[in-house]
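# Structural description and commentary
Below are the chains, spelled out letter by letter.
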Amino acid sequence: MAGRCKRCWLIFVLFILCASLGGCMHKQSPGAAKPLQVVTQIDVTYENGAIRTVRHYKDAGKMKQVLNYLRLIDPYGTPALDPEYIKGSDFRIELTYSDGSSKVYRQKADRYMQIDDGPWRSINPARAEELSLLLGQMESDGE
């Protein structure tokens, strides 16, 4: 009977140990940093009337130039007019990340920027023209 009590005691201790270790699983707190996402590809579509151009970038140097442009563009304020109805250049820049997710930037008429179907924001027209110049100097890396 003493052996049976030892076995029950051992099972009880193992049960308590397993129950307490279950709470030690790593849980990411809401304010914790997300895993690092790396841009692996950038696809740019340009449209203006009947003109349509598509570029694909996987080269790190080319992607860095586009990403630097996006970092510096600094959208501000809400436009008085809806950019969807304004004629002019329309850039669609899609960033694809290493985890398979993506982010889409739209630049319209060198005056407006939209990020992931969010609200349109105004941008500096002089700075926005840099995108056309930048993309005009970089060949597509292919499909």
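Whatever comes next refers back to the structure up there.
Just so you know, these numbers come straight off a predicted model, no measurement behind them.

## Notes on helix α3 (residues 125–137)
Every α-helical turn comprises 3.6 residues, leaving residues that sit three or four positions apart pointing alike. Spanning 13 residues, α3 covers 19 Å between terminal C-alpha atoms, matching the ideal 18 Å at 1.5 Å per step. Of the surrounding secondary structure, the elements contacted by the buried residues of α3 are β1 (39–48), β2 (51–57), α2 (60–72), β3 (90–97) and β4 (102–108). In this structure Asn124 caps α3, since a side-chain oxygen of it lies 2.8 Å from the backbone nitrogen of Ala126.

## Points about the side chain of Ser122
Assignment of secondary structure puts Ser122 in strand β6 (residues 121–122). Judged by its relative accessible area of 13%, Ser122 falls in the buried class. Ignoring any residue separated from it by four or fewer positions in sequence, one finds Ser122 in contact with Pro75, Tyr76, Gly77, Thr78, Pro79, Arg111 and Tyr112.

## Regarding the environment of Asp117
Examined against the element boundaries, Asp117 turns out to sit in the loop between β5 (112–115) and β6. Spatially, the C-alpha atoms of Asp117 and Arg106 are 8.6 Å apart, while their sequence positions differ by eleven residues.

## Observations concerning the side chain of Gln41
Along the chain, Gln41 falls in strand β1. A polar side-chain atom of Gln41 sits 2.8 Å from a polar atom in the side chain of Asp43. Those residues within four positions of Gln41 in sequence are excluded, and the remaining contacts are His56, Tyr57, Lys58, Met63, Glu94, Leu95 and Thr96.

## What to know about the packing of α2 against α3
Interhelical geometry of α2 versus α3 gives an angle of 175 degrees and a closest axis separation of 10 Å. The orientation of α2 relative to α3 falls into the category roughly antiparallel. Touching Gln65, Val66, Tyr69 and Leu72 of α2 are Arg127, Ala128, Glu130, Leu131, Leu134 and Leu135, all from α3. Of the residues assigned to the contact of α2 with α3, the class counts are seven nonpolar, one polar and two charged.

## So, α2
Here α2 spans 18 Å end to end across 13 residues, near enough to the 18 Å set by a 1.5 Å rise per residue. Of the residues making up α2, those classed as buried are Lys62, Met63, Val66, Leu67, Tyr69 and Leu70. Along α2, the residues classed as buried sweep out an arc of 155 degrees about the axis, all on the same side. Facing away from the buried side of α2, by more than 90 degrees, are the exposed residues Ala60, Lys64, Arg71 and Leu72. Where α2 is buried, its residues meet β1, β2, β3, β4, β5 and α3. Sitting at the head of α2, Asp59 places a side-chain oxygen 3.1 Å from the backbone nitrogen of Gly61.

## Some thoughts on the sheet that holds β2
The strand order across the open sheet built from six strands is β2-β1-β3-β4-β5-β6, with neighbouring strands paired in antiparallel fashion. Lying at the two open borders of the sheet, with one neighbouring strand each, are β2 and β6. Pairing of β4 with β5 involves four bridges; the strand directions are antiparallel. In the strand pairing of β5, Tyr105 is matched with Ile115. On the sheet, α2 packs against β1, β2, β3, β4 and β5 and is oriented at approximately 65 degrees with respect to β1.

Basis of the calculations
Numbering of residues starts from 1 in every chain and runs along the sequence as written. At least 70 in pLDDT is required for a residue's local features to be given in this predicted model, at least 80 for side-chain atom pairs to be given and counted, and no such filter applies to totals for whole chains, interfaces and linings, which use all residues. Excluded from the side-chain calculations are hydrogens and water; all other atoms, namely the structure's heavy atoms, are used. A helix here means a DSSP run of H or I that spans at least four residues, while a strand means a run of E at least two residues long, and both kinds are numbered starting from the N terminus. To estimate the expected span of a helix, count its residues, drop one, and scale the result by 1.5 Å. For this analysis, residues touch if any pair of their heavy atoms sits within 4.5 Å. Counting of polar contacts relies on pairs of N or O atoms within 3.5 Å, with two restrictions inside protein: one atom must be capable of donating a hydrogen and the other of accepting it, and residues adjacent in sequence are counted only when both atoms are side-chain atoms. Using a 1.4 Å probe on the protein chains alone, a residue whose accessible area is under 20% of its type maximum counts as buried, one over 50% counts as exposed, and one in between counts as partly exposed. Angles here are taken between N-to-C directions and fall from 0 to 180 degrees, while the axes themselves are lines fitted to C-alpha atoms, restricted in helices to the stretch in contact. Note that the term roughly parallel is reserved for angles under 35 degrees, roughly antiparallel for angles over 145, roughly perpendicular for angles of 65 to 115, and oblique for everything else. When residues are grouped by polarity, Ala, Val, Leu, Ile, Met, Phe, Trp, Tyr, Cys and Pro land in nonpolar, Asp, Glu, Lys and Arg in charged, and all others, Gly among them, in polar. This arc is taken over the directions from the axis of the helix to the C-beta atoms. Strands are treated as partners if at least two bridges between them are detected by DSSP.

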